[in-house]
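Remarks on the overall topology
So you can see what is in the structure, the chains are spelled out below.
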Amino acid sequence: MMRKQQRMRWTMLATWLLALAGLGSVLHAQDPFGGPAAGDPFGGAPVGGAMGGAPPAANPFGGGAGAVDPFGGGPVQPPPPAAPAAGAGNAQQPGGGGLPIGRDERNPVVLAIRDMNPTKPAELMFAVRSLFDIGRTDEAKFFLIKLIESQPGPELLTQFYTEYGEALFYRLSKDHRMTPEGEQFANLVLAAAHRSAHDPTRVQNLIRDLSSPSPSKRYRVIDSLRRLEWTVVTPLLESLADPSRAAEHPNIRTAIPEMGDYLLDPMLGAMDSPDQELRIQVIQILGQFRSSRALSALVGPFADPDTSEAARRAAAQAIVDIVGQLPDRQHVTRYLYDRARAYFDGMLPGRLDHEDRVTIWTWDPERKTSVPIRLEAQDASLLSAARLARDLFRVAPENVDYRRLYLLTNLQWAKQSGGLDRPLDLRDGSLGAQLAEVGPEALEDVLTYAMETNRSVAAMAAAELLGRLGDAGLVQAAGGRPRPLVLALLHSDRRLRMAAAEAILQLDPQQAYAGSSYLAETLGYVVRTVGTRRALVVHPRVENSQSMVGLLLELGFEADSASTGRDAFRLAARQPDYEFALISDGVDQPSARETIQMFRKDPRTARLAIGLMARQGTLQAAEAFADLDALVLAFPHPIDPEGMSFQAGRLLRLAGRDLVGYDERLDQAERAMNHLLRMTEQPQLYDFYDLHRQTPSLAAALGTPQLASHAATLLGRLGSPEAQRALVTLASQPGRPLEDRQAAAEAFADAVQRRGLLLTRSEILLQYDRYNRSESLDAGTQQVLGQILDAIEAPSQAAKSQAEDTAQDSAAS
């Protein structure tokens, strides 16, 4: 009996100590004024303070480095029950529900918790927190396991977060003595808190509470919304766009800047919204940020003559709020032009992240909200330049320089964002449709300017729009000088040449024009692709060339080799598949430097990345030369697969977006084939194009499986001796697919019918010999070879039949 009284004294002492420690009553501590002990459950200011309230809740979404991320996956399942860790000297309390008990335990808090014998989740959570705070992780872990086994629901887990704050759960997750249960339970609590905090209904209720007459409540609501960070952007914009909530709008506009500067960029993105009423409210919000970063988005609407009066007044007030005075029109245009040019030249609009990307906020028309996009640095600068140049053009559309900048930046952005290998989006309301409104004359002007300033992507988009909007007059020149669209066929950018060719074919001129021969040359170059990744090796020693060809083959590149600079240039000029070239600085006829200069002067090779391989003792001189050419790298000769892989990767990165990949090359070739087929279907309309000069290119295309059938058809329509020879050669190769050989045989028969038999006597005899030696080959091959002989004999058979008919007519008469 006396021992029991002693335990009672320990219990009373422990309870007193817990109270002094600020741990409160056992479970449901209430604020003396009636509110919850912890104040706002998602980060609001604490209520009650020293009179029993829990400590302020920490930010559940931005923990320090290494914090447990509760939002990276789906709901965290409760861990399987685990046995409590055995403590030294511990035994089970008789009939006491399995609590651990040490014979020598003297800690009053531990003894008090044991006497409470917690079983409910809230009681167990209190026990875990109390024991963990005094460093008794052995006891805390035992009750934590019990708590996990009870499987508390999401609402209760959220309540735990509310009462105890994130800091406790962060410490539980990181304390190695509490593993693995500490981390598992912390993830459960934080995930539940995140889901509850981001519940759409709750967020909308918080936004409505911004209109509360109570300043303290508004403060707590703002703090709670602030903790939601970017996820609050869409609900805020939806509320502002809802005319039925107009009474709330002033309080929402006031609250957004108070939530923090991180909402400035989302508001800048919302300036692209087509909702004029929403834009006016966003303008008012930007002024309240008092940030110079918002000026560039405000001066345009202020000076734009087409801006509504309400938007202009809002922009004017916002500018005054930021800088204290209003600019005149001249200052606005100069400011916008200088900023847009700076961004277009590469100035960054924000900070680079760990992947050298910049986050830009823009309007998503489908989701009807402002959204972040992570862009490469150059793309982020381009988008910022395009926005400002658009505002500049609206303010002063009569200025040619401003119009060019607007078209350059926005054409390039429209093409890059939509995909360099995809057509522009011209649907109603799209950026492409807006750019098309300037008309063919302005587009032709900016095409010329883009080519002069080496803005090939903008030039591609301009050429594409000209093809869709113009007529055949765009290629007809006065004075014999080719028009800009035709001159684009000679540009060093392969994509631009193809875009110009397709634009001209859309315009469909049916009479000769200055530079018409460039079109056939462009299409002929494109169809030469062999459908593989290729590289060029140039070295004076054959054995060294073959060694590097082998190394490239291991990397997946087929490679051609040349021993002189002149031979290298010939190969590169007719082969469109080279992704880079490796040139030894020991090359002559001409020297390596002169060879590289030859490459740069020809549009077919001007943008080829080149690795200048330096011999021993010449690396410094090679590097000095490479510094003068942005597409040349100097390095020692690669001697192993690792070295070759490293240098090839550097060259491919050097080419960057200018590199036309394998799939795109093949797609271009197929499109070019289709254009040539259409032109040869009506030769009387397009006889001013000399397509016979493209016979070698079409013959080379027979070696590409994806192009062989169309190439055979085209060669059959041309019917020249070279075409007939290429067709019978393909049809006679048993190793080629039967379908390709049959297509070649049919095309050969078509060629003979159109142009007559143009094979030499020795070539004809060779075909008879091939047929006679096909006895052991398959029936399909024999049939194809027989078709060739039938086509060869067709003219003589026709002549013989005609002679017999003539003789019969003579005898009858």
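The structure displayed is predicted, hence computed values, not measured ones.

About the thresholds
Residues numbered from 1 in each chain as written. Predicted model: local features only at pLDDT ≥ 70, side-chain atom pairs only at ≥ 80, totals over all residues. Heavy atoms only, no water. Pairing = 2+ DSSP bridges. Helix = DSSP H or I, 4+ residues; strand = E, 2+ residues; numbered from the N terminus. Axes fitted to C-alpha atoms, helices over the stretch in contact; angles between N-to-C directions. Contact = heavy atoms within 4.5 Å. Buried < 20%, exposed > 50% of the residue type's maximum accessible area, 1.4 Å probe, protein only. Right-handed = clockwise from strand over helix to strand, strands pointing away. pLDDT = per-residue confidence, 0-100. Phe/Tyr/Trp six-rings, centres within 6.5 Å; stacked < 30°, edge-to-face > 60°. Lys NZ or Arg CZ within 6 Å of the ring centre and 35° of its normal. Parallel < 35°, antiparallel > 145°, perpendicular 65-115°, else oblique. Left-handed = near helix turned anticlockwise from the far one by under 90°. Nonpolar A, V, L, I, M, F, W, Y, C, P; charged D, E, K, R; others polar.

Focus: the sheet that holds strand β7 (residues 578-584)
Spatial ordering of the open sheet is given by β6-β5-β7-β8-β9, a layout of 5 strands whose pairing is parallel. Every interior strand has two partners, whereas the edge strands, β6 (558-562) and β9 (632-636), have only one. For this sheet, the mean inter-axis angle between neighbouring strands, taken without regard to orientation, is 20°. Running over the sheet, helix α26 (residues 592-601) touches β5 (534-538), β7, β8 (609-614) and β9 and is turned about 180° from β8.

Re the environment of leucine 676
As for its position among the elements, leucine 676 is in helix α29 (residues 662-681). Assessed through its relative accessible area of 4%, leucine 676 is described here as buried. For the pair leucine 676 and histidine 710, spaced 34 residues apart in the sequence, the C-alpha separation amounts to 9.3 Å.

A look at the pairing of β5
Within β5, 5 of the 5 residues are buried, which leaves the element mostly enclosed by the surrounding structure. The pairing of β5 with β6 spans 5 bridges and is classified as parallel. Of the residues in β6, the one forming a bridge with arginine 534 is glutamate 558. Taking the sense of rotation as the criterion, the β-α-β connection linking β5, helix α24 (residues 542-554) and β6 turns out right-handed. Note: β5 against β7, 4 bridges, orientation parallel. Bridging across to β7, leucine 536 finds its partner in alanine 581.

Regarding the confidence of the model for the protein chain
The predicted model of the protein chain averages 85 in pLDDT, with 86% of residues at 70 or higher. Long-range and interchain partners of residues 1-99, a stretch whose pLDDT sits below 50, account for 149 contacts in this model, where long-range means more than four residues apart.

Looking at the packing of aromatic side chains
Under the counting rule described, the total for this entry stands at 11 aromatic pairs. Centroid distance tryptophan 230 to tryptophan 361: 5.2 Å. Interplanar angle 80°. Geometry classified as edge-to-face. Placement of tryptophan 230 in the loop between α8 (215-227) and α9 (233-241) and of tryptophan 361 in strand β3 (residues 357-364) is noted, with a sequence separation of 131 residues between them. The exposure class of tryptophan 230 is partly exposed, given its relative accessible area of 44%. Here tryptophan 361 falls in the buried class, since its relative accessible area comes to 5%. By way of ring pairs, the aromatic residues Phe160, Phe169 and Phe185 are connected into one cluster. The cationic tip of arginine 455 hangs over the ring face of phenylalanine 344; the distance from NZ or CZ to the ring centre is 3.8 Å.

Looking at the packing of helix α31 (residues 708-718) against helix α32 (residues 721-731)
Running from N to C, α31 and α32 cross one another at 140°; their axes reach a closest spacing of 8 Å. The orientation of α31 relative to α32 falls into the category oblique. Seen along the crossing, α31 lies across α32 with a hand that is left-handed. Together, Ala712, Leu715 and Gly716 of α31 and Ala723, Ala726 and Leu727 of α32 make up the contact between the two elements. For the contact of α31 with α32, the residue count by class is 5 nonpolar, 1 polar and no charged.

Quick notes on unusual backbone geometry
Here the bond from threonine 179 into proline 180 is cis, since omega is -5°, no more than 30 degrees from zero. Relative to the assigned elements, proline 180 resides in the loop between α5 (154-174) and α6 (181-197). Here the bond from glutamine 589 into proline 590 is cis, since omega is -5°, no more than 30 degrees from zero. Counting through the fold element by element, proline 590 comes out in the loop between β7 and α26. In this structure, asparagine 117 takes a positive phi of about 50° despite not being glycine. Summarising the element assignment, asparagine 117 is placed in the loop between α2 (108-116) and α3 (121-133). When its relative accessible area of 30% is taken as the criterion, asparagine 117 is described as partly exposed. Although it is not a glycine, glutamine 151 sits at a positive phi angle of roughly 50°.

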